[in-house]
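Descriptive structure summary
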Amino acid sequence: MHSQSEERQWLSFRDNEGLETLGNQSGGIIPILKLSYDTLPSHLKQCFSYCCLFPKDWEYNRETLVRLWMAEGFIHPPSNEGNQNSLEDIGNDYFLSLLSRSFFQDVTSLYYLGDIFSFKMHDLVHDLAMSVVGSHEVMSLKKSEMKNDVSQIRRLRLIMEGKPQEEESDVLKNATRLRTILYQEEGFVFPSPLSNNRLRVVHRLKGDYNRSLKTLSSTFKFKHMRYLDLSYSNLEDIHAVSIHQLYNLQTLSLYGSKNVQNILNGIGSLINLRHLDLYHSDATILPINIGNLQSLLSLDISWTKISELPDSISLLHNLTEFKFKRCCYLNALPRNFGALTQLRSLNLSFITELPESLTSNICKLECVNLQACKLPEDIKNWVELKFLWYRGRRDNVIMPRGIENLTRLELLKPFIVNEEEDVSNIQKLAHLNSLRWLLIVNLGNVRGGKIEAEKAKLKGKQNIIYLELQWDCLEEEEKGVAVNNSVLVLEGLQPHHNLEELWIHGFPGLKLPEWVGSSSCLPNLVKLKLVYCKSCTELVGLGQLPCLQILKIYRMNSVNCLGEEFYYHPQEKEEESKGYARTLFPSLTELRIRDLENLEEWSAPPPPDNSFPFLERVEIEYCGKLTSIPDLRSQISSLSILGCEKLERE
């Protein structure tokens, strides 16, 4: 009903006396659910009913489903000429419309771009989809049912157990209206191009990836074919020329297939191809004629042995997604790679340096993941960037120029603090107010204490939910000054109270600032991890963080007691009135303590206060001097103690 904007429509639904009758009928839930289906526009009805072709409880891939809708001809651009959205974008809008009406559920998303990756459909909704398709629309057929009449079927799901047999193809010769075949298991017999000339879609329902596909057909003369999935096939006997003549083909998947090179060498004839998947195939070379694929939007060569990209790759001006993750033989990109200005994401594993053209041209990159690759010097033209993750070496690495202007950034791992004429570059974070995940490293380079640290303006960044702060290793002669300065720096890095996860690593100060344990400063903190803060002697007030669920304390060598200061924040304790019991660590479910080599005692809070009402799991490891802990056996379900000799003897 959310799409109904007029009062009369809501009143009409409320006053519909037939609803109660429907609900009381046998199986009445489907007629009631059908009310939602009946209000759908026609283009969404056919997209929804198509989903019944998949098994119940199937985990649908959003991109795959949209491409199947396209191949079926379900997606149409709006009549207004000003709309420049691709068919994929329009199909995604269709998907979101069905999702908003609760036809889909259990959505999983790519956290960095926010794109929905997969989803499921409730069994009752799947039944609804089956109930609204015509009797000759969809059929699920097992190998043992091959004698069934399929002459009028348009869409068929084949469950092919065991090796395919030649005679099985005879069943499909009468299916002259067949448009779509979805097949499961390891075998598949392609139908005859003469009798099944309307075929548009052949798609494998990927289940057991260890099973290679055995295909008994070598010729693909289907002039209407839009979607061809040959994943995990041995293409040795395939008639490659027949595939090169599928001029209407939009999607070609050779995922995990063998002997794909003979198909690739002539692929330039597929001028309408939009999606090419070579993931984990035995492809070794991308042919020069790949530049002919002007319609190509996505190309995946991940986990292949391709060692070089042809210069013609720069002609794919519409390419938005190019995946080459774990291409360990590919260590350089063409100089003109920056001509691909429509790319949304780059995931570089073994590329050592980006070509200058990639940073000099204004592009639409939203996600860049650099592993072994050197950080570019200037990224001011990556104006759409939302996600920047650099995993290479950080010593002597300078943050790129222009980082301060990328105000759409949501994830930045890491921001490397560099010294610039006795002043660090940390102020470049000031205007990046869209940040949600932030890692700052080399904080020892912030020499100006609290005043300089406050220039990052973390306290005003209300979108940040994850913050990780790391100090670099210090030389002995620097430690005296650095310890005092680091306390002031951490005070100046106080985050917004919306923060949910905080990591502090290598902090050299003697005491954490008060905001770390303050319920008013961190009321929404869920996870806290303190690592290698080896000079810090106290963990102040953590027990009063109201939402803290997971606490990890590692390698804090100067802590010798978890006592009163562990539970109470000094300022908040003074403000509390006495005479009633308080609950400390009210939300904590998991506590891990590791490598606190001088920890001798962990005591319970004094009465009448109580603690840890929801604690489930405790792990204490390698705390050799620890002699006592609170008695938690009646409260928790898992207690693990390792390398704590004195405690284990007790």
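Residues numbered from 1 in each chain as written. Predicted model: local features only at pLDDT ≥ 70, side-chain atom pairs only at ≥ 80, totals over all residues. Heavy atoms only, no water.

**Some details on the side chain of Glu 468**
Stated precisely, the cut-off is as follows: Secondary structure elements are taken from DSSP: a helix is a run of H or I of four residues or more, a strand is a run of E of two residues or more, and numbering for both begins at the N terminus. Three exposure classes are used, based on accessible area relative to the maximum for each residue type with a 1.4 Å probe and protein chains only: buried under 20%, partly exposed in between, and exposed over 50%. A positive count includes Lys and Arg, and a negative count includes Asp and Glu. His and the chain ends are not counted in either. Salt bridge, as used here: a side-chain nitrogen of Lys or Arg that lies within 4 Å of a carboxyl oxygen of Asp or Glu. Here a polar contact is taken to be a pair of N or O atoms separated by no more than 3.5 Å, where protein atoms must pair a possible hydrogen donor with a possible acceptor and residues adjacent in sequence count only if both atoms sit in side chains. Should any heavy atoms of two residues lie within 4.5 Å, those residues are counted as being in contact.
Position of Glu 468 among the secondary structure elements: in strand S22 (residues 466-470). Buried and without a salt bridge, Glu 468 has Lys 413 as its closest oppositely charged side chain, separated by 5.4 Å. Polar side-chain contacts of Glu 468 include one of 2.6 Å to the side chain of Tyr 466. Non-local contacts of Glu 468, meaning those with residues more than four positions away in its chain, are made with Leu 438, Leu 439, Ile 440 and Trp 503.

**A closer look at the packing of helix H5 (residues 62-72) against helix H6 (residues 87-100)**
Stated precisely, the cut-off is as follows: Axis definition: a line fitted to C-alpha atoms, over the contacting stretch in the case of helices. Angles run 0 to 180 degrees between N-to-C directions. Any angle that falls under 35 degrees is termed roughly parallel, while one over 145 is termed roughly antiparallel, one within 65 to 115 roughly perpendicular, and all others oblique. Throughout, a crossing is termed right-handed when the near helix is turned clockwise from the far one, and left-handed when it is turned anticlockwise from it by less than a right angle. Three classes are used, and their members are as follows: Ala, Val, Leu, Ile, Met, Phe, Trp, Tyr, Cys and Pro are nonpolar, Asp, Glu, Lys and Arg are charged, and the others, Gly among them, are polar.
One can describe the packing of H5 onto H6 by two numbers: an axis separation of 9 Å at closest approach and a directional angle of 115 degrees. Classified by the angle between their axes, H5 and H6 sit roughly perpendicular to one another. As for how H5 packs across H6, the hand of that crossing is right-handed. Contacts from Arg 62, Val 66, Trp 69 and Met 70 in H5 reach Leu 87, Glu 88, Gly 91, Asn 92, Tyr 94, Phe 95 and Leu 98 in H6. Partitioning the contact of H5 with H6 into residue classes produces 7 nonpolar, 2 polar and 2 charged.

**A word on H5**
Within H5, 10 of the 11 residues are buried, leaving the element largely enclosed by the surrounding structure. Within H5, burial applies to Arg 62, Thr 64, Leu 65, Val 66, Arg 67, Leu 68, Trp 69, Met 70, Ala 71 and Glu 72. Taking the backbone nitrogen of Glu 63 as reference, a side-chain oxygen 3.1 Å away marks Asn 61 as the first, capping residue of H5. Of the residues one or two after H5, Gly 73 is the one with positive phi, at around 85 degrees.

**Describing the sheet that holds strand S1 (residues 60-61)**
For clarity, the cut-off: Paired strands, as defined in this entry, are two strands with at least two bridges between them according to DSSP.
Here 3 strands make up an open sheet; going across it, the order is S1-S3-S2 and the pairing antiparallel. Because the sheet does not close on itself, it has two edges, and the strands there are S1 and strand S2 (105-109). Relative to strand S3 (residues 116-120), S2 runs antiparallel, the two sharing 3 bridges. Bridging across to S3, Gln 105 finds its partner in Lys 120.

**A closer look at the nonpolar core**
This is how the line gets drawn: The criterion is simple. A nonpolar core is a set of buried Ala, Val, Leu, Ile, Met, Phe, Trp, Tyr and Cys residues joined through side-chain atoms within 4.5 Å.
The biggest cluster of nonpolar side chains holds 143 residues, and the ones touching the most others in it are Ile 301, Phe 324, Phe 337, Leu 412 and Trp 602. In terms of residue count, strand S21 (residues 437-441) provides more of this core than any other element does, 4 residues in total. In contact with Phe 337, other than residues within four places in its own chain, are Leu 309, Ile 313, Phe 322, Phe 324, Leu 343, Leu 346, Pro 355, Ser 357 and Leu 358. Counting residues in hydrophobic clusters, the runner-up holds 38 residues, among them Tyr 60, Trp 69, Leu 98 and Ala 129.

**Digging into the packing of aromatic side chains**
What counts here: Working definition: rings of Phe, Tyr and Trp (its six-membered ring) pair if their centres are within 6.5 Å, and the pair is stacked with planes under 30 degrees apart, edge-to-face with planes over 60 apart, and tilted otherwise. The rule is short: NZ of Lys or CZ of Arg within 6 Å of the ring centre and within 35 degrees of the ring normal puts a charge over the ring.
Under the counting rule described, the total for this entry stands at 23 aromatic pairs. Ring centres of Phe 387 and Trp 389 lie 6.0 Å apart, and the angle between their planes is 55 degrees; this geometry places the pair in the tilted category. By the burial criterion, Phe 387 is buried, and Trp 389 matches it. Judged by centre distance (5.9 Å) and plane angle (75 degrees), the ring pair of Tyr 567 and Phe 585 falls under edge-to-face. One end of the pair, Tyr 567, is in helix H13 (residues 564-567); the other, Phe 585, is in the loop between strand S27 (583-584) and strand S28 (590-594), with 18 residues separating them in the sequence. Owing to a relative accessible area of 0%, Tyr 567 belongs among the buried residues under this scheme. Judged by relative accessible area, which is 1%, Phe 585 ranks as buried. A cation sits over an aromatic face here: Arg 436 above Trp 437, 5.0 Å from the ring centre.

**Section: unusual backbone geometry**
Residue Pro 414 is bonded to the preceding Lys 413 through a cis peptide linkage, with omega at -5 degrees. Turning to its location among the elements, Pro 414 is positioned in strand S18 (residues 411-416). Geometrically, the link from Pro 607 to Pro 608 is a cis peptide bond, its omega value of 10 degrees lying close to zero. Turning to its location among the elements, Pro 608 is positioned in the loop between strand S29 (601-602) and strand S30 (610-611). Its identity as a non-glycine residue notwithstanding, Phe 585 has a phi of 50 degrees, on the positive side. The backbone of Asp 595 shows a phi angle near 60 degrees, a positive value even though the residue is not glycine. If you trace the backbone, Asp 595 turns up in the loop between S28 and S29. Here Asp 595 falls in the partly exposed class, since its relative accessible area comes to 29%.

**Focus on the pattern of salt bridges**
Throughout the structure, instances matching the rule amount to 24 salt bridges. Residue Arg 8 pairs with Glu 6 through a salt bridge whose shortest N-O separation is 2.7 Å. A relative accessible area of 37% places Glu 6 in the partly exposed class. Taking the shortest distance from any N to any O, the salt bridge between Glu 366 and Arg 344 comes out at 3.0 Å. On the criterion of sequence distance, the pair formed by Glu 366 in the loop between helix H10 (357-360) and strand S16 (367-370) and Arg 344 in the loop between strand S14 (321-323) and strand S15 (345-348) is long-range, its members being 22 residues apart. Judged by relative accessible area, Glu 366 falls into the buried class, the value being 13%. Overlapping salt bridges bring together Glu 72, Glu 137, Arg 154, Arg 155 and Arg 179 as one network.

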